[in-house]
Structure formats: structure tokens, C-alpha cells
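Observations on the three-dimensional arrangement
One-letter residues, chain by chain:
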Amino acid sequence: MANKRSIYGALSTLLTIALVSILCWYFLGRPQSIDEGLENLQTAGKNAKDKFDEWNITSLGDFANVLQDGLNGLDFGSFFDNDPRVGDNSTILWKDFDPNNGGLSLTLLNALDDDWAEEFDLAVEDWRQSDALVLTTERVEVDHTCQSKDGVMVVCNANFGDTGWVGINENSIVNDRIVASVSKMNEYYLKNSNFDHRRYTMCHEIGHGFGLPHTDENPYNSNLGNCLDYTDDPDQNLHPGEVNFNKLRTMYLTNTERRVEKRYVRGGGDGSEEGEVEEERIIITRTLEFRG
Ligand SMILES: [Zn+2]
């Protein structure tokens, strides 16, 4: 018995060491460089996110508990009270664009349910009026988990619940440039909303996806006639406006020197050598807020 116990003891010790090694390997992946280590961490994060999505997908695709009257009778202007991006007038550019060749060429992946087709098509058609954008669309499988994909803008819908926002745009930023964008429509508020609310939200979030800021953040002053203007009357701000197109021109048709920020995190010790570059990726989130 003593032998057996010690064998089990040894086995469990080995198992523990193996497990710890696997965890270390899993999280650190015996990185050859900082970049690789970060990549492995990102992979681990992505795996965890996939698990979460798998678990969450049932509620994201379940529209049973959405507001039955949509936004009817609610104050659309109050959607903006809590926006974390209020006051942020900065524009941010996509990583790749060519001022000498039409500006920003971007593919929008339509991962929306079928009943969003009209709002999506109209919004894309509207934004195509910009001479700084070359937009193509691709119909992909409906994705209520809204998986981000590098190099494109994913447009999707799901029941995100009583979150306080009708729409949200998430731009992934690497070295100060957008590398991926996701525009999400929240069915909790929009499923049974009128067409204008849905169309305005679509135009607004896609606009953020190009890197555009708001044009005005007081929903109760006069409408500027563009969908990046906060409004109480979405029917008057359904389309992009000249002010948005001018901004896009400055952003994507102007030849500017590319500024790439690099942060050196592992130097040569004596400061004479360049070290590994750590790539920083942050998510900039813009929402249409609602407080009922
Ligand atoms: Zn916004």
C-alpha cells in the first residue's frame, strides 16, 4: 500500500508538473520573442472568448425578450447621455489606404440577419457617395457573436440586452491605426423599432467604422442632416452629410506622412541596440447610449 501510495504520489506530482508545464507552455508558449509571447496570450484570450461566445450564443440569437414596442414612445435623444466617446473629436485612420487610388478601400462583411438587408444596403449606398471611400460588400453567414476580422468591417446584429446602447462600433487599433472594425446593432431596442431608428443607427455605426467622430453631441439642438449628429429625430439625420465627406477627404485623400508608433520593450542592455517591438492593440468603442 505504501508503495502504491508513493507511486500515486509520484504520479500526481508528475501530473502537477506536467499540468503546470502545459499551462506555462499554453500561456507563454516558450516564446522566441516578446511578439510571439503576446501572440500566444492573444490566442489564449481568443480561445477563452470563443468558449464564452459558445455559451452566450443562445441568448445573443434569442429575440424573445426584446422591447415589444421598440423605441416607440421613448426619447431617442436620451440615448446619448452616457456615451463614453462624447467629447472625443479625434479621427482615426485605417491602416491601409491610398490617397492616389480612391482613398480607403474597404470590405464590409454583412453578417446580419436578413431583415437588416435594406438598412445595410441603403447605408452602404449612402457612404459610397464619398469620393474617399471604395466600398465592397460580402454576404457572410449570420454571426450573432460578431467576430472581428482583420482588414474588414463586420456588420452584425444580436440581442445584447438592456445595455443602454442601441448600436456600438468597436475599432481595433494597432500602432494608432484601425486594423479591424465591428458595427453591432442591438436588437433589444431595434428589433421592433421603426425603420428610421434602425437606418440611422446603421449609418451612424458604420460611419464610426471609417474612423469618423460625431459632428454634434447635443441631440436637442437643430439637426445637421447627417447621421453622425446626435438627434432626437432620426428621420432628419438618416444619411451621411457633406461635413462627413469633407472629413473623409482630409483623412484618406490627403497625402500625409505615416506616423507609426513603436514601443521598444527589450533593448540591447547598453541602450545601443534596438530591441523587440511590442505591438499595442486597444479597442476604441463608440456607442449610441440609451437610458430609459
Ligand atoms: Zn456615436
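Residues numbered from 1 in each chain as written. Predicted model: local features only at pLDDT ≥ 70, side-chain atom pairs only at ≥ 80, totals over all residues.

Between its first and last C-alpha, helix α5 (residues 195-209) extends 21 Å over 15 residues, near the 21 Å set by a 1.5 Å rise per residue. Burial within α5 is extensive, with 13 of its 15 residues counted as buried. (Helix = DSSP H or I, 4+ residues; strand = E, 2+ residues; numbered from the N terminus. Expected span 1.5 Å × (residues − 1). Buried ≥ 20, exposed ≤ 12 C-beta atoms within 10 Å, placed from the backbone.)

Looking at where threonine 285 falls in the secondary structure, it is placed in strand β8 (residues 281-289). What makes threonine 285 partly exposed here is the crowd of 15 C-beta atoms within 10 Å. Expressed as a C-alpha distance, the spacing of threonine 285 and serine 172, which sit 113 residues apart in the sequence, is 8.9 Å.

Another aspect to go through is the nonpolar core. In this structure, Leu104, Leu133, Val154, Val155, Cys156 and Cys203 are the most contacted members of the largest nonpolar core, which totals 43 residues. Of all the secondary-structure elements, those providing two or more residues to this core are β1 (104-110), α3 (117-127), β3 (152-158), β4 (165-174), β5 (177-186), α4 (187-190), α5 and α6 (242-252). The dominant element in this core, judged by the number of residues it contributes, is β3, at 5 residues. Excluding residues that lie within four positions of it along the chain, cysteine 203 makes contacts with Ala123, Asp126, Cys227, Leu238, His239 and Pro240. (Core = buried A, V, L, I, M, F, W, Y, C linked by C-beta atoms within 7 Å. Contact = placed C-beta atoms within 7 Å.)

With 7 of its 10 residues buried, β4 lies for the most part within the structure. As defined by bridge partners, β4 adjoins β5 across 8 bridges and the pair is classed as antiparallel. Of the residues in β5, the one forming a bridge with serine 172 is alanine 180. Following β4, the chain reverses through 2 residues before pairing antiparallel with β5; asparagine 175 in that reversal takes a positive phi of roughly 50°. (Pairing = 2+ DSSP bridges.)

In this section: the pairing of strand β2 (residues 133-139). Pairing of β1 with β2, which is carried by 7 bridges, proceeds in the parallel orientation. Each residue of the ladder has a partner; that of serine 105, found in β2, is valine 134. Regarding topology, α3 serves as the crossover connection from β1 to the parallel β2, and that connection is right-handed. (Right-handed = clockwise from strand over helix to strand, strands pointing away.)

Now for unusual backbone geometry. Despite not being glycine, cysteine 146 shows a phi value in the positive range, around 55°. Relative to the helices and strands, cysteine 146 resides in the loop between β2 and β3. Accessibility expressed as a C-beta count within 10 Å gives 21 for cysteine 146, which makes it buried. A positive phi angle is found at aspartate 176, which is not glycine, with a value near 70°. Classification of aspartate 176 by C-beta neighbours within 10 Å gives partly exposed; the count is 14.

So, about the environment of isoleucine 282. Relative to the helices and strands, isoleucine 282 is located in strand β8. The spacing of isoleucine 282 and isoleucine 178 is 104 residues in sequence and 9.6 Å in space, taken between C-alpha atoms.

Here we come to the confidence of the model for the protein chain. On average, residues of the protein chain carry a pLDDT of 79, and 67% of them reach 70 or more. Taken together, the stretch residues 1-34 has pLDDT below 50 and engages in 18 contacts with residues farther than four places along the chain or on a different chain. (pLDDT = per-residue confidence, 0-100.)

Below, the discussion takes up α3. Turning to α3, its buried residues are Glu119, Phe120, Ala123, Asp126 and Trp127. The buried residues of α3 occupy an angular sector of 130° when projected down its axis, which confines them to one face. Exposed positions of α3 whose direction lies more than 90 degrees from the buried face are Ala117 and Glu125. Among the structural elements, β1, β2, β3 and α5 are those in contact with the buried residues of α3. (Arc of directions from axis to C-beta.)

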